[in-house]
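Residues per chain, in single letters:
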Amino acid sequence: MFDLYQNSGKTFIIAELSANHNHKFELAVETIKAMAIAGADAVKVQTYKPQSLTLDLNTGYFGPRTEGLWKGYTPWDLFTEGSMPYEWQPKLKELAESLGMVFFSTPFDIEGVDFLESIGVKLYKVASPEINDIPLIRHIALKGKPIIMSLGMAGPEDIELAIKTCRDTGNEKIVLLKCTSQYPATVADANLLTIPDIRKKYGVEAGLSDHTMNTVVPIVAVSLGAVVVEKHFILDRKLGGPDSAFSLQPDEFKNMVDQIREAEKSLGRVNYDLNEKDKLRRRSLFVVKTIMAGEIISHENVRSIRPGYGLPPKCLEEVLGRKANKNIEKGTPLKWEDLD
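Residues numbered from 1 in each chain as written. Predicted model: local features only at pLDDT ≥ 70, side-chain atom pairs only at ≥ 80, totals over all residues. Heavy atoms only, no water.

Visitor: Just checking my understanding: could you explain the overall build of the protein chain for this structure?
Guide: Of regular secondary structure, the protein chain possesses 11 helices and 10 strands. By the compact-globule yardstick of 20 Å for 340 residues, the protein chain is too spread out, its C-alpha radius of gyration being 30 Å. With the principal axes as the frame, the protein chain shows a C-alpha extent of 105 × 45 × 40 Å. Scored against the burial criterion, the 340 residues of the protein chain give a buried share of 49%. A sequence separation of at least 24 residues applies to 65% of the contacts in the protein chain between residues at least 6 apart. Across the protein chain, the centroid of the 42 positively charged side chains sits 8 Å from that of the 46 negatively charged ones. (Helix = DSSP H or I, 4+ residues; strand = E, 2+ residues; numbered from the N terminus. Rg over C-alpha atoms; globule rule 2.2 N^0.38 Å. Buried < 20%, exposed > 50% of the residue type's maximum accessible area, 1.4 Å probe, protein only. Contact = heavy atoms within 4.5 Å. Lys, Arg positive; Asp, Glu negative; His and termini not counted. Charge placed at Lys NZ, Arg CZ, Asp CG, Glu CD.)

Structure follows, in structure tokens:
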């Protein structure tokens, strides 16, 4: 289904550039280089113009926000500040790929999708506020490439319709990301048990788009089966910008990657194997009081203790009452050949 792992069987870790370029091309370049050093598998950007999302008005629905991280911004001003020039993106794609990473984007309108298709991206992301934009999702799905969709602002009906829209085009390459649309988000609101439920309920791969300011949530998500983890990345939160408050710095991101890779190792495989060495570390029947030939085996002279060189403890009832056929020293593991 989702076939873009750079390391087979490992979590696909996405570094989200978002607005953390601050409209400086060289800053975007340096940030992508730092993403590669930190161990990201992919770089994700956003492809839009302000008019892709809002209107240039200062009143009503489009007036300044009155609360939250972006208080005082009009939507137009916020999206103008956060947008990445289209002409940067082919250059940044070339850079990311030269560093061994996948480059892709979240488009916010048909124009953005067609632009990304023209530069040859390998997959697409649908942001959670666009989960109900069925024409946009259909247009993306028709490209036949993997689609990652965040569910932060999606209800069950939205999820079902988005999946159906993709499948109706013949596109089954769907990954749904558990996402909490808070900036930054709290650990208490992560609700990561949703991840295995997504896989079971919708029959698609599941992952995480995380806005918390720690690495606990991604690690737990991977342990629950997340195949994708997405985190915002910034060179230094002191640079500011719309997304700086919930972005990880390079050392923090690298720490997250390292911990995810360790978590993957710990998951291993389903394994109930028992090796011979461990068998010998368990209990078995030992002679605990010297037994003379012809003497009866009893609880007084045979007990279950460690290590495991004698008969297994389940045989105790079978050996009790039988006679020893030779002298057996205390501390000897009991064997069938010792008995009549």
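Visitor: Where do I start with the state of the cysteines in this structure?
Guide: As used here, a disulfide is simply a covalent bond connecting the sulfur atoms of two cysteines. Tallied over the full model, the rule gives zero disulfides. Cysteine Cys179 is unpaired, with the sulfur of Cys166 as its nearest cysteine sulfur at 17 Å. For Cys179, a relative accessible area of 6% corresponds to the buried category. (Disulfide = S-S within 2.5 Å.)

Visitor: Which parts of the structure should I look at to understand the pattern of salt bridges?
Guide: Between side chains of opposite charge, a pair can form as their charged atoms come close. Inspection of the entire model under this criterion finds 20 salt bridges. Its salt-bridge partner being Glu111, residue Lys49 comes within 2.8 Å of it at the nearest N-O pair. Taken together, the residues Lys49 in the loop between strand 2 (42-47) and helix 2 (75-82) and Glu111 in helix 4 (residues 110-119) connect sequence positions 62 residues apart. The salt bridge partner of Glu262 is Lys265, with a shortest N-O separation of 3.1 Å. Taken together, the residues span about one helical turn, with Glu262 and Lys265 both in helix 9 (residues 250-267) at a distance of three residues. With a relative accessible area of 47%, Glu262 lands in the partly exposed category. The class for Lys265 is exposed, based on a relative accessible area of 62%. Bridged by salt links that share partners, the residues Asp41, Arg261 and Glu264 form one connected network. (Salt bridge = Lys/Arg side-chain N within 4 Å of Asp/Glu carboxyl O.)

Visitor: Sorry, what's going on with the packing of aromatic side chains here?
Guide: Any pair of aromatic rings gets described here by the distance separating the centres and the angle formed by the planes. Per the stated rule, a full pass over the model turns up six aromatic pairs. Relative to Phe115, the ring of Tyr86 lies with its centre 4.7 Å away and its plane at 35°, an arrangement referred to as tilted. Placement of the pair is Tyr86 in the loop between helix 2 and helix 3 (89-98) and Phe115 in helix 4, with a sequence separation of 29 residues. No difference in accessibility class separates Tyr86 from Phe115, as the two residues are buried. Their ring planes at 65° and their centres at 5.1 Å tell us that Phe233 and Phe253 sit as a pair that is edge-to-face. Placement of the pair is Phe233 in the loop between strand 8 (228-232) and helix 9 and Phe253 in helix 9, with a sequence separation of 20 residues. Overall, the relative accessible area of 0% leaves Phe253 in the buried class. An aromatic cluster is present here, built from Tyr48, Phe79 and Phe108 joined pairwise through their rings. For Lys49, the ring lying beneath its charged end belongs to Tyr86, and the centroid distance is 4.9 Å. (Phe/Tyr/Trp six-rings, centres within 6.5 Å; stacked < 30°, edge-to-face > 60°. Lys NZ or Arg CZ within 6 Å of the ring centre and 35° of its normal.)

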